[in-house]
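Residue strings, one per chain:
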Amino acid sequence: MNKKITIAIDGFSSTGKSTIAKLIAKKYNFIYVDSGAMYRAITFFAKQNNFVGKDFLKKAELISELKNNSLSFQFNKQLGFAEMFLNGQNVEKEIRRLEVSQLVSKVAEISEVRRKLVKEQQEMGEKGGVVMDGRDIGTVVFPNADLKLFMTASADKRATRRYKELIDRGDKVSFKDVLFNVEERDRIDSTREDSPLTKAKDAIEIDNSDMGIQEQFERICTLVDRKLKEI
Ligand code: CDP
């Protein structure tokens, strides 16, 4: 029988959490949930409806519209991972743009948004066999997760990776703006009142500033295998 555990991966922005989470989910046949994509989708909705912008946030309006939004992940066989759908529309490309990254931490501070998304995330992980990445997975969403990881890397390394990703996709961005965004999101995410980004007491920290994907993957597989033997 395929044993099922819950793996929580938290950490700073652009630490490669989703890359590693997808690989782990594939190897162990677990479900991968990108919780950040859900915050990004709500932010995309808020931006489209003019509820959020560089200098404003119409919090009450956004909160009252939350119940009318449905989020779902739909597996794309070709890509090998699930894409984010908002009210039936594939928003995977839009939510990754820097314009959304520049507003998402402001929206993620709203408790009503968090409550809705945390509930949906907990439902997705109910049966176990899940790898979820985000900012509050090991602290709030799954405080009893079997394995908790906390990813860090220098801001410069993270911005370099994200800049390359965006340029490779054809987005026109400057390194300076990407670096600013990475640092600004870390600041807002770590200092917000509701569910700030912190390392859970029982999380294992991995600094991947000078570590390749393969090395991280092997290290994490060792941790997963050890956990699977325990249960
Ligand atoms: O991929 P990257 O590290 O850039 O970010 P993400 O995982 O897509 O998350 C985008 C933003 O959503 C974060 O900067 C947080 O503001 C918010 N977020 C959150 O508050 N809680 C989560 N569990 C996941 C994301």
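Residues numbered from 1 in each chain as written. Predicted model: local features only at pLDDT ≥ 70, side-chain atom pairs only at ≥ 80, totals over all residues. Heavy atoms only, no water.

(A) Just the side chain of Ser-13, in detail. With respect to the secondary-structure elements, Ser-13 resides in the loop between β1 (6–11) and α1 (17–28). Here Val-182 takes part through its backbone oxygen, which lies 3.3 Å from a polar atom of the side chain of Ser-13. Each residue touching Ser-13, except ones within four places of it in the same chain, is listed here: Arg-135, Arg-158, Val-182, Arg-185 and Asp-186. (Helix = DSSP H or I, 4+ residues; strand = E, 2+ residues; numbered from the N terminus. Polar contact = N/O pair within 3.5 Å; in protein donor to acceptor, adjacent residues only side chain to side chain. Contact = heavy atoms within 4.5 Å.)

(B) Structural view of the packing of helix α2 (residues 35–48) against helix α6 (residues 111–124). Between α2 and α6, whose axes approach to 11 Å, the crossing angle comes to 145°. With respect to the hand of their crossing, α2 and α6 are arranged in right-handed fashion. Taking contact as the criterion, the partners of Ser-35, Met-38, Tyr-39 and Ile-42 in α2 are, on α6, Val-113, Arg-114, Lys-116, Leu-117, Val-118, Glu-120, Gln-121 and Met-124. Across the contact of α2 with α6, the residue classes tally to 7 nonpolar, 2 polar and 3 charged. (Axes fitted to C-alpha atoms, helices over the stretch in contact; angles between N-to-C directions. Left-handed = near helix turned anticlockwise from the far one by under 90°. Nonpolar A, V, L, I, M, F, W, Y, C, P; charged D, E, K, R; others polar.)

(C) Highlighting the site of the ligand. Residues in close proximity to the ligand total 19 residues, the closest being Ser-14, Arg-40, Arg-114, Asp-136 and Asp-189. Lys-17 has a polar side-chain atom sitting 3.2 Å from an oxygen atom of the ligand. Separating an oxygen atom of the ligand from a side-chain N or O atom of Ser-105 is a distance of 3.1 Å. For the ligand, whose unbound accessible area comes to 530 Å², protein coverage reaches 97%. Those elements that provide at least two residues to the shell around the ligand are α2, α5 (98–108) and α9 (175–191). Tallying contributions element by element places α2 first for the shell around the ligand, with 4 residues. (Near = heavy atom within 4 Å. Areas by Shrake-Rupley, 256 points an atom, 1.4 Å probe, with all protein chains shown as cover.)

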